[in-house]
Amino acid sequence: AQSVTQPDIHITVSEGASLELRCNYSYGATPYLFWYVQSPGQGLQLLLKYFSGDTLVQGIKGFEAEFKRSQSSFNLRKPSVHWSDAAEYFCAVGPALQGAQKLVFGQGTRLTINP
Amino acid sequence: DAGITQSPRHKVTETGTPVTLRCHQTENHRYMYWYRQDPGHGLRLIHYSYGVKDTDKGEVSDGYSVSRSKTEDFLLTLESATSSQTSVYFCAIGSSPGNEQFFGPGTRLTVL
């Protein structure tokens, strides 16, 4: 069965520090991979996506993620976090097929930024 | 931002009553989805639609039904609400190719 694991429920980093959020997936076929961010009381916003090609993908707000097929991972990184990055982050996986995308989400990682 | 609205944004209801949530899009996207978000579970797919009158079940469809009579509207109905359906419900839309989904603002539903 498809699954996504985000091992860290809550992470706290200092403003200006680097960030890495982990995502591991289990999927029977070639996946599409996504990272979404959710600010409190808001919907989800797409940060970046991986479909194919270069395994290092750039997203909005200075985020990047690296797809590692051998490790079934798609970790999200940012070199220097800002207080406005405090939010919940979700990794999701879907089938690399045309048609409806039945996404499977991880449990989320809540990011707190210390001033 | 993708043109997606959800109504109502907040609702409190009692156990056993029917509830309908509406998702409306102005993007003319083919695919529409309903998810629920609960602490510790992330988002889980309830139902989805791949066209007018074409719908299918997701991971947690028991107790829910959907309808899509127009491209722009996707309705989620709780036939007889239970306290376990207290949640935040998100609608999403998507097109193919590309396949990323765009999410609405959510509806917070409380079943007493």
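Just above, that's the structure.
Now for a quick tour of the structure. Fair warning: this is a prediction, and the values are worked out from it, not measured in the lab. (Residues numbered from 1 in each chain as written. Chains lettered and ligands numbered in written order. Predicted model: local features only at pLDDT ≥ 70, side-chain atom pairs only at ≥ 80, totals over all residues. Heavy atoms only, no water.)

1. Focus on unusual backbone geometry
Residues and elements named next belong to chain B.
- Ser7 connects to Pro8 through a cis peptide bond whose omega is -10°.
- By secondary structure assignment, the location of Pro8 is in the loop between strand 1 (4–7) and strand 2 (10–13).
- The phi dihedral of Asn28 is positive, around 60°, even though this residue is not glycine.
- Note on placement: Asn28 falls in the loop between strand 3 (19–25) and strand 4 (31–38). (Helix = DSSP H or I, 4+ residues; strand = E, 2+ residues; numbered from the N terminus.)

2. Structural notes on the environment of Asp8 of chain A
Residue and element names in this part refer to chain A.
- Locating Asp8 in the fold gives a position in the loop between strand 1 (3–5) and strand 2 (10–14).
- Separated by 100 residues in the primary sequence, Asp8 and Gly108 place their C-alpha atoms 8.1 Å from one another.
- The residues contacting Asp8, other than those within four sequence positions of it, are Arg22, Gly108 and Thr109.
- Separated by 3.0 Å, the side chains of Asp8 and Arg22 make a polar contact. (Contact = heavy atoms within 4.5 Å. Polar contact = N/O pair within 3.5 Å; in protein donor to acceptor, adjacent residues only side chain to side chain.)

3. Re the sheet that holds strand 7 (residues 64–70) of chain B
Residue and element names in this part refer to chain B.
- Spatially, 1-3-8-7 is the arrangement adopted by the four strands of the open sheet, whose pairing is antiparallel. A strand with exactly one partner marks an edge of an open sheet, and here the two such strands are strand 1 and strand 7. Mean inter-strand twist for the sheet, computed between neighbouring axes without regard to direction, equals 20°.
- In this structure, strand 3 lies alongside strand 8 (residues 73–78), joined through six bridges in antiparallel fashion. (Pairing = 2+ DSSP bridges. Axes fitted to C-alpha atoms, helices over the stretch in contact; angles between N-to-C directions.)

4. A closer look at the layout of surface pockets
- Taken as a whole, the largest pocket encloses approximately 560 Å³ of empty space.
- If you go around the largest pocket, you meet 28 residues; those closest to its centre are Gln38, Gly41 and Glu88 of chain A together with Gln37 and Arg108 of chain B.
- Listing elements by their share of the lining of the largest pocket, those giving two or more residues are strand 10 (87–95) and strand 12 (109–114) of chain A together with strand 4, strand 9 (87–94) and strand 11 (107–111) of chain B.
- Here the residues of the lining of the largest pocket sort into ten nonpolar, 13 polar and five charged. (1 Å grid on protein atoms, 1.4 Å probe; cavity = no way out; pocket = protein on both sides within 12 Å on 5 of 7 lines; lining within 4 Å. Points joined across faces, edges and corners; volume = space filled by probe spheres on them. Nonpolar A, V, L, I, M, F, W, Y, C, P; charged D, E, K, R; others polar.)

5. Let's talk about the nonpolar core
Residues and elements named next belong to chain A.
- Counting residues in hydrophobic clusters, the biggest one holds 27 residues, and the most contacted among them are Leu19, Trp35, Leu47, Leu48, Phe74, Leu76 and Tyr89.
- Elements with a contribution of two residues or more to this core: strand 2, strand 3 (19–21), strand 5 (31–38), strand 6 (44–50), strand 8 (64–68), strand 9 (73–78), strand 10 and strand 12.
- The residues touching Tyr89, leaving out its near neighbours within four places in the chain, are Gln6, Leu21, Trp35, Tyr36, Val37, Leu47, Phe63, Leu76, Gly108, Thr109 and Leu111. (Core = buried A, V, L, I, M, F, W, Y, C linked by side-chain atoms within 4.5 Å. Buried < 20%, exposed > 50% of the residue type's maximum accessible area, 1.4 Å probe, protein only.)

6. Section: the state of the cysteines
Residues and elements named next belong to chain A.
- All chains considered together, the criterion is met by two disulfides over all chains.
- Through a disulfide, Cys23 is tied to Cys91; the S-S separation comes to 2.0 Å. Its S-S torsion of about -65° marks the bond between Cys23 and Cys91 as left-handed, since a negative value means left-handed. Here the residue Cys23 occupies a position in the loop between strand 3 and strand 4 (24–26), and Cys91 occupies one in strand 10, the gap between them amounting to 68 residues. Like Cys91, Cys23 is buried. (Disulfide = S-S within 2.5 Å.)

7. Some words on the packing of aromatic side chains
Residues and elements named next belong to chain A.
- Evaluation of the coordinates by the stated rule reveals 18 aromatic pairs over all chains.
- Aromatic pair Tyr50 and Phe74: ring centres 6.5 Å apart, planes at 50°, arrangement tilted. Highlighted residues: Tyr50 in strand 6 and Phe74 in strand 9, separated in sequence by 24 residues.
- Relative accessible area serves as the criterion here: at 0%, Phe74 is assigned to the buried category.
- Between Phe63 and Tyr89 the ring centres are 5.6 Å apart and the planes differ by 50°, which places this aromatic pair in the tilted class. Linking Phe63 in the loop between strand 7 (56–58) and strand 8 with Tyr89 in strand 10, this pair joins segments that are 26 residues apart in sequence.
- For Tyr89, a relative accessible area of 1% corresponds to the buried category. (Phe/Tyr/Trp six-rings, centres within 6.5 Å; stacked < 30°, edge-to-face > 60°.)

8. Topic: the side chain of Thr13 of chain B
Residue and element names in this part refer to chain B.
- Note on placement: Thr13 falls in strand 2.
- There is a polar contact of 2.6 Å between the side chain of Thr13 and the side chain of Thr17.
- Those residues in contact with Thr13 that lie beyond four places of it in its chain are Val19, Ala81, Leu109, Thr110, Val111 and Leu112.

9. Focus: the interface of chain A and chain B
- Taken together, the contact between chain A and chain B spans 22 residues of the former and 21 residues of the latter.
- Taken over both partners, the interface formed by chain A and chain B buries close to 1,700 Å², and the fraction arising from carbon and sulfur atoms is 54%.
- Together, Leu44, Gln101 and Phe105 of chain A form the three largest contributors to the area buried by chain A at its contact with chain B, with a combined 25%.
- Counting across the interface, chain A meets chain B through one salt bridge.
- Put simply, Lys49 of chain A and Glu100 of chain B hold a salt bridge, and the shortest N to O gap is 2.8 Å. (Buried area = accessible area lost by both parts, 1.4 Å probe. Salt bridge = Lys/Arg side-chain N within 4 Å of Asp/Glu carboxyl O.)

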